[in-house]
Amino acid sequence: MLHQPFRRFLVCVVAVLGCFLSGGLAQENVRQPQAEFKVERQYNVQVPMRDGVKLSADIYRPDAEGKFPVILSRTPYSKDSKREFDLGTYFASHGYVYIVEDCRGRLDSGGVFLPLADEGRDGYDTIEWAANQSWSTGKIGTIGGSYVGWNQWLAAVESNEHLKTMVSIVTPPDPFLNVPYQNGAFLLGMADWMILIDGRSMQDLSSYDLFSVYRHLPVRTMDEAAGRHVAWWHDWTEHDTYDEYWKKLSYQDKFDRVKVPVLHVTGWYDDDQVGALVNYPEMVAHGGSPEARTGQKLLIGPWPHHVNSQRKLGDIDFGPEAIIDINGVYLRWFDCQLKAIGCGQLMNEAPVRIFVMGDNHWR
C-alpha cells in the first residue's frame, strides 16, 4: 500500500490540499464543559503483559462512583511529569479515566526497551486491561505525540475491539521514511535521542559535545563515542535498507487493520509532519471500517514539533490566533467518540482545518 515513499507522499499532499478548499474544523471558541469532578490519583499501578512483564502506570480518575471512558498514553519519556499531571487532572476532572504508562524497560516499568518492537502488543494488552477494570466503560481512546503517536498506531493495527479512537499528534510515518532514516538517509541527530533514553531514566544531554559525537565514524559506534553501549543502535545502523527488520516496526502498510476515527494534529514546522499528511488521506481511503474511513480529521497549526507551544517562531509572530485551546479540542473529540456527545455537529464539520500563515487566521 505504501513504501513508494515519495510518490505516495505527493499523492497524499494533493489529497489534503483538496480538503483545504472545503474549509476547516470547528472554531475553537466552542464552549467547553466545566470541570465536574474532583480527581483521585493512583501511582505506579502494575499492569501485567502477556509475557509476565509488568508495566507501571499512573491513573487519574474522577472521584465518583460509576464507570468512565478511558484515555491512554504510553510514553518512554516518563509518566511522572508536570505535563502528564496536568493532562491527567484535566481529563479526569471532565469525566474520564486518564492512564499514563511507562513503556517497557523505561522508568518504572519492567522489561527491556527496544524502540517500537513491543509497543503493539504492550499497547493491546494495556487497552485490554483498562477495558476490564471496575471503573471503566470498556471504551478506550489513546493520545500522544511523536514516539507516543507511534505507540498508538502500532497498538491500533492489533485491532483491539475496545479501542474506539485516537488523537495522533506529530506522529512520524514508518521509521524508514522520516526517523531514524529520512527516505533512506540515516539522521545523525538520532544520536541525541539514543543518549537521551539510554537506560531507564532520562539522560542529561547538556554535558555532551554532540557535534563531536556526530563526527564520529563509523556511525555504528556512535554510542561508544558517547560512552555508552546501546544494542538497538547497532541494529538500527546495520539495517540500512527497508528490510524485514523495519517492516516489523512499520504500520503504514496496515491501515486496513485500524478501525477507529482519528484526529491527526501537526504543525507547519513539525519535523515529522509527513506522518499526518500520509496517515489522514490513507485512513480515509483504506481505514478498516466505515467509521474509520469517514471519521478522520486533520488540524495543522503554525507550530513546531511541540504543538500549540508558542505564537512566535524565529522572527515571525503568527499572532494571538496561533495558540488555541488545544485541550478543549481534544476533549471535544473524546466527548464525541467515547461519550457520543456533540457528534452531530463535530463530524459534520469540514474535515481539515489549517492555519493560513501570512494571513494568520484559521480556515
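For the structure itself, look to the data block above.
For the structure given in this document, a descriptive report is provided here. (Residues numbered from 1 in each chain as written. Predicted model: local features only at pLDDT ≥ 70, side-chain atom pairs only at ≥ 80, totals over all residues. Heavy atoms only, no water.)

Right, let's get into the overall build of the protein. Looking only at helices and strands, one finds 13 helices and 14 strands in the protein. By its C-alpha atoms, the protein is 55 × 45 × 40 Å across when sized along the principal axes. Counting only contacts in the protein whose residues sit at least 6 apart along the sequence, the fraction spanning at least 24 positions is 73%. Accessible area of the protein: about 15500 Å², with a carbon and sulfur share of 53%. For the protein, the centre of its 35 positive side-chain charges and the centre of its 46 negative side-chain charges are spaced 4 Å apart. (Helix = DSSP H or I, 4+ residues; strand = E, 2+ residues; numbered from the N terminus. Contact = heavy atoms within 4.5 Å. Areas by Shrake-Rupley, 256 points an atom, 1.4 Å probe, with all protein chains shown as cover. Lys, Arg positive; Asp, Glu negative; His and termini not counted. Charge placed at Lys NZ, Arg CZ, Asp CG, Glu CD.)

The element strand S13 (residues 352–356) is largely enclosed, with a buried count of five among its five residues. Burial along S13 is two-sided: Val352, Ile354 and Val356 facing one way and Arg353 and Phe355 facing the other are all buried. Taken together, the three bridges between strand S10 (residues 296–301) and S13 define a ladder with parallel strand orientation. Each residue of the ladder has a partner; that of Leu298, found in S13, is Val352. Note: S13 against strand S14 (residues 361–362), two bridges, orientation antiparallel. Among the inter-strand pairings, Val356 is bridged to a residue of S14, identified as His361. Count of turn residues in the S13/S14 antiparallel hairpin: four residues, of which Gly358 carries a positive phi of about 95 degrees. (Buried < 20%, exposed > 50% of the residue type's maximum accessible area, 1.4 Å probe, protein only. Pairing = 2+ DSSP bridges.)

Moving on: the sheet that holds strand S1 (residues 39–48). Reading across the sheet, the ten strands line up as S1-S2-S4-S3-S5-S6-S9-S10-S13-S14 and stay open at both edges, with mixed pairing between neighbours. Single-partner strands in this sheet number two, and they are S1 and S14. Against the sheet, helix H2 (residues 82–93) makes contact with S1, strand S2 (54–62), strand S3 (68–75), strand S4 (97–102) and strand S5 (136–145), and its axis sits at roughly 45 degrees relative to S2, the strand it touches most. Against the sheet, helix H12 (residues 326–339) makes contact with S3, S5, strand S6 (163–169), strand S9 (262–267) and S10, and its axis sits at roughly 160 degrees relative to S6, the strand it touches most. (Axes fitted to C-alpha atoms, helices over the stretch in contact; angles between N-to-C directions.)

Moving on to the pattern of salt bridges. Within the structure shown, the criterion is met by 17 salt bridges. Across the pair Asp125 and Arg50 runs a salt bridge, and its minimum N-O distance is 2.8 Å. In this pair, Asp125 is assigned in helix H3 (residues 119–131) and Arg50 in the loop between S1 and S2, connecting sequence segments 75 residues apart. Of the residues examined, Asp125 reaches a relative accessible area of 12% and is grouped as buried. For Arg50, a relative accessible area of 54% corresponds to the exposed category. With a closest N to O distance of 2.8 Å, Glu238 and Arg220 form a salt bridge. One end of the pair, Glu238, is in helix H8 (residues 231–238); the other, Arg220, is in the loop between helix H6 (210–215) and helix H7 (222–225), and 18 residues separate them in sequence. Taken together, the salt bridges that share partners define one network made up of Asp51, Arg104 and Asp122. (Salt bridge = Lys/Arg side-chain N within 4 Å of Asp/Glu carboxyl O.)

Looking now at the environment of Val258. Positionally, Val258 belongs in the loop between helix H9 (244–247) and S9. Leaving out residues up to four positions away in the same chain, Val258 has contacts with Trp153, Ala156, Val157, Met166, Met283, Gly287, Gly288, Ser289 and Ala292.

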